[in-house]
Amino acid sequence: RGSKVVACETEGASSFAASFNANPVGNNDLTMVRLESIDSVATSLGALEVTPAVVQRAHRHMERGREQDGHGEDVLSYVCSDAEAVAACARFASDHRMLVEPACGAALAPIYSDRLRVQLLEELKGSVGSAIVVEVCGGSGVNLELLELWKNQHRHA
């Protein structure tokens, strides 16, 4: 109860954000947005278009919270840069000695990126005693050499 779901994608692969932002809660006639291409380092989970069911479920989650107590449950859609996703991968590797791909780095970006962390903590104000849980996955397409290459490519972005 009162849970917030945070979806974070990279710029150039943000198909959920595009469709979610194009369809306000209560809009039953969904307009799905299709990206022309995946233009991001985070390609492993990239989708040109999300299924309408994803946006419908996000809306139901938000409506359920409003029905229960007038607020509380929410879906937050963030978009990070490739540089933020790659930096999150590197920080996570340093902190936890585990390699993850940039698609997972996008999920970690709201924790590691100063810009997104400030935004997330602002959204969570008033959520006393709450925990932040991040689902971490996606390490089969990464190694130290790739991580170093991505860091160098996105160092000044």
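The structure we're discussing is the one just above.
Residues numbered from 1 in each chain as written. Predicted model: local features only at pLDDT ≥ 70, side-chain atom pairs only at ≥ 80, totals over all residues. Heavy atoms only, no water.

## A closer look at the overall build of the protein chain
- Scanning the protein chain from N- to C-terminus turns up 6 helices and 2 strands.
- Going residue by residue from the N terminus, the α and β elements of the protein chain occur as β-α-α-β-α-α-α-α.
- Its C-alpha radius of gyration of 16 Å places the protein chain within 12% of the 15 Å reference for a compact globule of 157 residues.
- Principal axes of the C-alpha set define a box for the protein chain whose edges measure 50 × 40 × 25 Å.
- Here the protein chain holds 157 residues, and the buried ones make up 39% of them.
- For the protein chain, restricting intrachain contacts to residue pairs at least 6 apart in sequence, the fraction spanning at least 24 positions comes to 67%.
- Charged side chains of the protein chain number 14 positive and 21 negative; the gap between the two group centres comes to 5 Å. (Helix = DSSP H or I, 4+ residues; strand = E, 2+ residues; numbered from the N terminus. Rg over C-alpha atoms; globule rule 2.2 N^0.38 Å. Buried < 20%, exposed > 50% of the residue type's maximum accessible area, 1.4 Å probe, protein only. Contact = heavy atoms within 4.5 Å. Lys, Arg positive; Asp, Glu negative; His and termini not counted. Charge placed at Lys NZ, Arg CZ, Asp CG, Glu CD.)

## Focus: the nonpolar core
- Formed by 13 residues in total, the largest nonpolar core has its most connected members in Phe92, Val100, Leu108, Tyr112, Leu147 and Trp150.
- Take this core: its biggest share by element is 5 residues, from helix H3 (residues 82-96).
- Not counting residues up to four positions away in its chain, the partners in contact with valine 100 are Cys89, Phe92, Leu108, Val136, Cys137, Gly138, Gly139 and Val142. (Core = buried A, V, L, I, M, F, W, Y, C linked by side-chain atoms within 4.5 Å.)

## Re the packing of aromatic side chains
- Tallied over the entire structure, the rule returns 1 aromatic pair.
- Arranged with centres 5.1 Å apart and planes meeting at 20°, the rings of phenylalanine 16 and phenylalanine 20 form a pair that is stacked. Taken as a pair, phenylalanine 16 and phenylalanine 20 lie in helix H1 (residues 15-22) at a separation of 4 residues, close to a single helical turn. (Phe/Tyr/Trp six-rings, centres within 6.5 Å; stacked < 30°, edge-to-face > 60°.)

## Overview of the packing of H3 against helix H4 (residues 102-112)
- The interhelical angle for the contact between H3 and H4, taken along N-to-C directions, is 80°, at an axis separation of 7 Å. Judged on the interaxial angle alone, H4 and H3 are roughly perpendicular. Between H3 and H4, the residues in contact are Glu84, Ala85, Val86, Ala88, Cys89, Arg91, Phe92, Asp95 and His96 and Pro102, Gly105, Ala106, Leu108, Ala109 and Tyr112, respectively.
- Residues of the contact of H3 with H4, tallied by class, amount to 10 nonpolar, 2 polar and 3 charged. (Axes fitted to C-alpha atoms, helices over the stretch in contact; angles between N-to-C directions. Parallel < 35°, antiparallel > 145°, perpendicular 65-115°, else oblique. Nonpolar A, V, L, I, M, F, W, Y, C, P; charged D, E, K, R; others polar.)

## Focus: the pairing of strand S2 (residues 74-80)
- Most of S2 is tucked away, with 6 of its 7 residues classed as buried.
- In this sheet, S2 lies alongside strand S1 (residues 4-10) in parallel orientation, the contact comprising 7 bridges. Bridge pairing in S2 links threonine 10 to cysteine 80. (Pairing = 2+ DSSP bridges.)

## What to know about the pattern of salt bridges
- All chains considered together, the criterion is met by 5 salt bridges.
- Arginine 115 is paired through a salt bridge with glutamate 84; the nearest N and O atoms lie 2.8 Å apart. Note that arginine 115 is positioned in helix H5 (residues 114-123) and glutamate 84 in helix H3, a separation of 31 residues in sequence.
- Arginine 115 sits in the partly exposed class, given a relative accessible area of 43%.
- The shortest N-O distance in the salt bridge between glutamate 122 and lysine 125 comes to 3.1 Å. (Salt bridge = Lys/Arg side-chain N within 4 Å of Asp/Glu carboxyl O.)

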